[in-house]
Amino acid sequence: MDIQLRAVPYDSGNGGRRRGAGPEALLDSGLQQTLRAKGHRVQVKIAELPADAWHAEIQTSFELMRMLAAAVREARDWNRLPIVLAGNCNTAVGTLAGLGADSTGVVWFDAHADFNTPETTTSGFLDGTAVAILTGRCWTQLAATVPDFKPVSDDRICLVGTRDIDSLEGGLLDDSTVHIIAPRQLHSSLPQTLTAIAEHVDRIYVHLDLDVLDSGVASANKFAVSGGLTLEEMEYALSRIAETFRIAGISLTAYDPSADRDGSACKAAVSLISTAASLARQP
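Residues numbered from 1 in each chain as written. Predicted model: local features only at pLDDT ≥ 70, side-chain atom pairs only at ≥ 80, totals over all residues. Heavy atoms only, no water.

Remarks on the layout of surface pockets
Applied cut-off: Whether a set of points on the 1 Å grid over the protein atoms alone is a cavity depends on a 1.4 Å probe fitting there but being unable to get out, while an open set qualifies as a pocket with protein on both sides within 12 Å along at least five of seven lines; lining residues are those with an atom within 4 Å of a point. Grid points are joined across faces, edges and corners, and a volume is the space filled by probe spheres set on the points. Gly is placed with the polar residues, together with every amino acid not listed as nonpolar (Ala, Val, Leu, Ile, Met, Phe, Trp, Tyr, Cys and Pro) or charged (Asp, Glu, Lys and Arg).
Here the largest pocket defines a volume of roughly 330 Å³. Along its surface, the largest pocket is lined by 19 residues, and His112, Asp114, Phe125, Gly128 and Phe223 are the ones closest to its centre. Residues belonging to the lining of the largest pocket are distributed by class as follows: 4 nonpolar, 6 polar and 9 charged.

Next comes the structure, spelled out in structure tokens:
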């Protein structure tokens, strides 16, 4: 497999801080060497904004999405599997645009639903609106500036391992047709849900927010919560996804090295990326 590793080392517009330190920490841990040892050919690129640019969470985040859309499209043009390492989940807007938002489904591994809108959020955290942006529920004018982005219909999105949902956010989800699979439902619900999504698309974008893992397995960031998935359950889920779809792109997000005191989250991230890449088929 030819792989393009694209690091986006920003969190809320801040380069190299908090979760923005995660992408380069994963590269420094030997991720590309691990992939090469599996027989993959790996190209690494790091997204960089001008050092003297004004950085603001919303403005900067959408600029990174636009950059990422072009980078992922370039990877596709060269028949490379795009793997994105990012601080924020909202980079998925750019990744999916580059993959082809009108022809790709989404499996979203995350402890959080990321389904808030500016009207429902109580934190004001843009990342908490990522899936709402993908489905066209908010930030529509800015999302339209991301090259080739189109909203994804609810029935092509599945949230897996989600267990920390805000009250108003939960109401939005109840009114949607987005598929939701709680950790305890993984084995019973995932196969039939993937079959349902396969009625609409045959390509999938796999989004891995590392805090989908149980906090006892790995402490990915300060938002990590208990009751999540194990590595074995993640490997099961990725295998079922690959049996049903062609994996068109992969993202690993929200890894904060400062929260990973024993290195278990880093090891888990490398393992998950390696597994997903090995399961993906050549575009």
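Remarks on helix 3 (residues 57-77)
Heads up, the condition is: Working definition: helices are DSSP H or I runs of at least four residues, strands are E runs of at least two. Numbering for both runs from the N terminus. Between the first and last residue of a helix there are one fewer steps than residues, each counted as 1.5 Å, and that sum is the expected span. Exposure is judged per residue with a 1.4 Å probe applied to protein chains only, and the accessible area is read against the type maximum: over 50% gives exposed, under 20% gives buried, and values in between give partly exposed. Note on contacts: a residue pair qualifies if any of its non-hydrogen atoms lie within 4.5 Å across the two residues.
Between its first and last C-alpha atoms helix 3 spans 30 Å; for 21 residues at 1.5 Å apiece the expected length is 30 Å, and the two agree. Along helix 3, the residues that are buried comprise Thr60, Ser61, Phe62, Leu64, Met65, Leu68, Ala69, Ala71, Val72 and Ala75. At its buried positions, helix 3 is contacted by strand 1 (2-8), strand 2 (10-11), strand 5 (81-86), helix 4 (92-99), helix 5 (130-134) and helix 6 (140-143). Directly after helix 3, the chain includes Asn79, whose backbone phi takes a positive value near 55°.

So, the side chain of Thr162
Along the polypeptide, Thr162 turns up in the loop between strand 7 (157-160) and helix 7 (167-174). For Thr162, the contacting residues outside a window of four places in its chain are Asp110, Ala111, His112, Ala113, Ile180, Ile181, Ala182 and Pro183.

A look at the sheet that holds strand 5
The pairing of strands in a sheet happens through backbone hydrogen bonds and is either parallel or antiparallel. As a reminder, the rule being used: The rule for pairing is simple: two strands pair if DSSP sees at least two bridges between them. Lines are fitted to the C-alpha atoms to define the axes, a helix being fitted only along its stretch in contact, and any angle between axes, read from their N-to-C directions, falls within 0 to 180 degrees.
Taken together, the 8 strands give an open sheet; going across it, the order is 4-1-5-10-9-6-7-8, and neighbouring strands pair in parallel fashion. Strands with a single pairing partner mark the edges of an open sheet, and in this sheet they are strand 4 (41-46) and strand 8 (179-181). Averaged over all pairs of adjacent strands, the angle between strand axes in this sheet comes to 15°, irrespective of strand direction. Pairing of strand 6 (residues 105-109) with strand 9 (residues 203-209) involves 5 bridges; the strand directions are parallel. Within strand 9, the residue paired with Phe109 across the bridge is Leu208. The sheet contacts of helix 4 involve strand 5, strand 6, strand 9 and strand 10 (246-253), and relative to strand 9 the element is tilted by about 160°.

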